[in-house]
Amino acid sequence: MKFLFVIVVALMIAGIGATNVKECKKGQPFPLSVDIVGCDEMPCNVVKGTTAVMYVHFVGTKDNIRKLNAVVHATTLGITVKYDLPEEVSNVCDNLMYGATCPIDKTEDVVYAFNFYIDSSYPEISVSVQVSLNDEEDDSIACFVANIKVKRGSTNTPLLENGSA
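So, a few notes on the structure that sits alongside this text. This is a predicted model, so every value here is computed, not measured.

Right, let's get into the overall build of the chain. Counting its regular elements, the chain contains two helices and nine strands. Starting at the N terminus and ending at the C terminus, the chain contains elements arranged as α-β-β-β-β-β-α-β-β-β-β. In the chain, buried positions account for 41% of the 165 residues. Summing over all exposed atoms, the chain offers an accessible surface of approximately 9100 Å²; the carbon and sulfur share of this is 55%.

Moving on to the pairing of strand E5 (residues 79-83). Summarising the sheet, strand E4 (residues 68-76) and E5 pair through five bridges and their orientation is antiparallel. The residue bridging His-73 from the neighbouring strand is Lys-82, located in E5. Linking E4 to E5, which pair antiparallel, is a turn of two residues; within it Leu-77 sits at a positive phi near 50°.

Opposite charge on two side chains lets them pair, provided their charged atoms get close. Tallied over the entire structure, the rule returns five salt bridges. For Lys-62, the salt bridge goes to Glu-137, with nearest N and O atoms at 3.2 Å. Of this pair, Lys-62 sits in the loop between strand E3 (50-59) and E4 while Glu-137 sits in the loop between strand E7 (126-135) and strand E8 (140-151), and the two are 75 residues apart along the sequence. Lys-62 gets classed as partly exposed once you look at its relative accessible area, which sits at 24%.

Let's shift gears to the environment of Thr-75. Considering the arrangement of structural elements, one finds Thr-75 in strand E4. Between the C-alpha atom of Thr-75 and that of Ser-126, which follows or precedes it by 51 residues, the distance is 8.9 Å. Each residue touching Thr-75, except ones within four places of it in the same chain, is listed here: Thr-80, Val-127 and Ser-128. Of note is the side chain of Thr-75, whose polar atom sits 2.7 Å from the side chain of Thr-80.

Evaluation of the coordinates by the stated rule reveals four aromatic pairs. Ring centres of Phe-114 and Phe-116 lie 5.7 Å apart, and the angle between their planes is 45°; this geometry places the pair in the tilted category. As far as the burial class goes, Phe-114 and Phe-116 line up, both buried. A network of ring pairs unites the aromatic residues Tyr-83, Tyr-112, Phe-114, Phe-116 and Tyr-122 as a single cluster.

Cut-off values and rules
- Residues numbered from 1 in each chain as written.
- Predicted model: local features only at pLDDT ≥ 70, side-chain atom pairs only at ≥ 80, totals over all residues.
- Heavy atoms only, no water.
- Helix = DSSP H or I, 4+ residues; strand = E, 2+ residues; numbered from the N terminus.
- Buried < 20%, exposed > 50% of the residue type's maximum accessible area, 1.4 Å probe, protein only.
- Areas by Shrake-Rupley, 256 points an atom, 1.4 Å probe, with all protein chains shown as cover.
- Pairing = 2+ DSSP bridges.
- Salt bridge = Lys/Arg side-chain N within 4 Å of Asp/Glu carboxyl O.
- Contact = heavy atoms within 4.5 Å.
- Polar contact = N/O pair within 3.5 Å; in protein donor to acceptor, adjacent residues only side chain to side chain.
- Phe/Tyr/Trp six-rings, centres within 6.5 Å; stacked < 30°, edge-to-face > 60°.

Next up, the structure:
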C-alpha cells in the first residue's frame, strides 16, 4: 500500500506543471512529461551561471535496461553540436527519483532529475536543446526538444524563469 502511494504521488508531481516540449524528429519515444522548473511554455529563459532543473517522466521501452545516459545536442543558427555532460548528470540511473533504480523494465515509469548547468561563458542566444535518454545499445528510450533563451542574470535571479520576458 505504501509503495502504491509513492507511485501515485510521483505521477501527480510529474504531471503538475509539465512544460510544453516538442518531440524529437527521428521518431524516438516521447516522455510522458517533462517539467522544466519555472517554465510552462517555450522558449524557456535560462540564466547564465545557474542550473536549469528538468524532471523527465518516461516509460521503459524494453526489459532490463541496466544503463541509461542523457545525450544532449544543441542547435542554434543552423549548427548542431553535441554537448558533453559530466558523468554525475548524464548517468540517468544515478539520478532517478522516488526510490527508482536500474534496471528498468518495459512499461515501468520513472522520473529522471536532469540538472543542466548553464555556463556563464554561453552567448546570450536562443538554442534548441534535444535531450535523449539512451540505453547501453545507444537506443533512445525517451527524447524531447526544448527551446531555451540564454540570458544574463544577477545573483538574485531565479534559476529558471518563465518563457515570457
